[in-house]
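Listed below are the residues making up each chain.
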Amino acid sequence: MNFLQSMRKPVAALVILAIAFSISWAPAHAAMVSTDEILKQNQRDCDRERLHMLLDRSEVRVQLEAWGVNSEEAKARIDSLTDQEIAEIAAQLEQMPAGGSAIGTLVGAALIVFIVLLITDILGVTDVFSFVKKGK
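Remember, it's a predicted structure, so these values are computed and weren't measured experimentally.

Caption draft 1: Geometry of helix α4 (residues 71-80). Turning to α4, its buried residues number three or more, namely Ser 71, Ala 74, Lys 75 and Ile 78. Projected onto a plane normal to the axis of α4, the buried residues spread over an arc of 100° and lie on a single side. Those residues of α4 that are exposed and angled more than 90 degrees off the buried face are Arg 77 and Ser 80. Buried residues in α4 make contact with α2 (35-56), α3 (58-66) and α5 (83-95).

Caption draft 2: Main features of a nonpolar patch on the surface. A contiguous nonpolar surface patch, about 670 Å² in accessible area, is contributed by Phe 3, Leu 4, Met 7, Val 11, Val 15, Ile 19 and Ile 23. Mapping Ile 19 onto the fold places it in helix α1 (residues 2-22).

Caption draft 3: Structural detail: the nonpolar core. In terms of nonpolar packing, the biggest core is built from six residues, these being Leu 51, Leu 55, Leu 64, Ala 74, Ile 78 and Ile 86. With residues near it in sequence (within four places) discarded, Ala 74 still touches Leu 55, Leu 64 and Val 69.

What counts, and at which threshold
Starting afresh in each chain, residues are numbered from 1 along the sequence in its written order. Owing to the predicted nature of the model, reporting of local features is limited to residues with pLDDT of at least 70; listing and counting of side-chain atom pairs is limited to 80 or more, with chain, interface and lining totals taken over all residues. For the side-chain quantities, the full set of heavy atoms in the structure was used; hydrogens and water were omitted. A 1.4 Å probe rolled over the protein chains alone gives each residue an accessible area, and that area as a share of the maximum for its type sets the label: buried under 20%, exposed over 50%, partly exposed in between. For the purposes of this entry, the term helix denotes a DSSP run of H or I that reaches at least four residues, the term strand denotes a run of E that reaches at least two, and both are numbered from the N terminus. Working note: the arc is built from the helix axis to C-beta atom directions. The contact criterion used throughout is that any non-hydrogen atoms of two residues lie within 4.5 Å. Here the term patch refers to residues with relative accessible area over 30% and no salt bridge, with like charges joined within 9 Å and nonpolar side chains (Val, Leu, Ile, Met, Phe, Trp, Tyr) within 5 Å. Values of accessible area rely on a 1.4 Å probe in the Shrake-Rupley scheme; residue burial ignores everything except the protein chains shown. The working definition used for a salt bridge is a side-chain nitrogen of Lys or Arg within 4 Å of a carboxyl oxygen of Asp or Glu. For the purposes of this section, nonpolar cores are sets of buried Ala, Val, Leu, Ile, Met, Phe, Trp, Tyr and Cys residues that join through side-chain atoms within 4.5 Å.

Take a look at the structure:
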């Protein structure tokens, strides 16, 4: 017990010195913040959050896993991007189509079904179209 009491003052002095040297003595700087700066920061935060929400979608997560990328790793990489890179990605997302036209998808699917039925009709597997001459 005497040993602990005798070491109390030197340890306290070392702790005080360590705290004193670790404190940054730089003077505080205050300035007016413009509305533009606040809006830009808000936009950067919104863009970053939007990318995080995009990664939270199940179809995006499934596609990333198909490519061998963990969604948590992707989020960490988004957090490491600069504000300029985040802004560029967000601008590219704005310009990309949201999935294409539904009419184009329907026409493409109908065309594929028609071609498959036509080929199977020509081969004699099905009898769907009356205008197809059957191969023998």
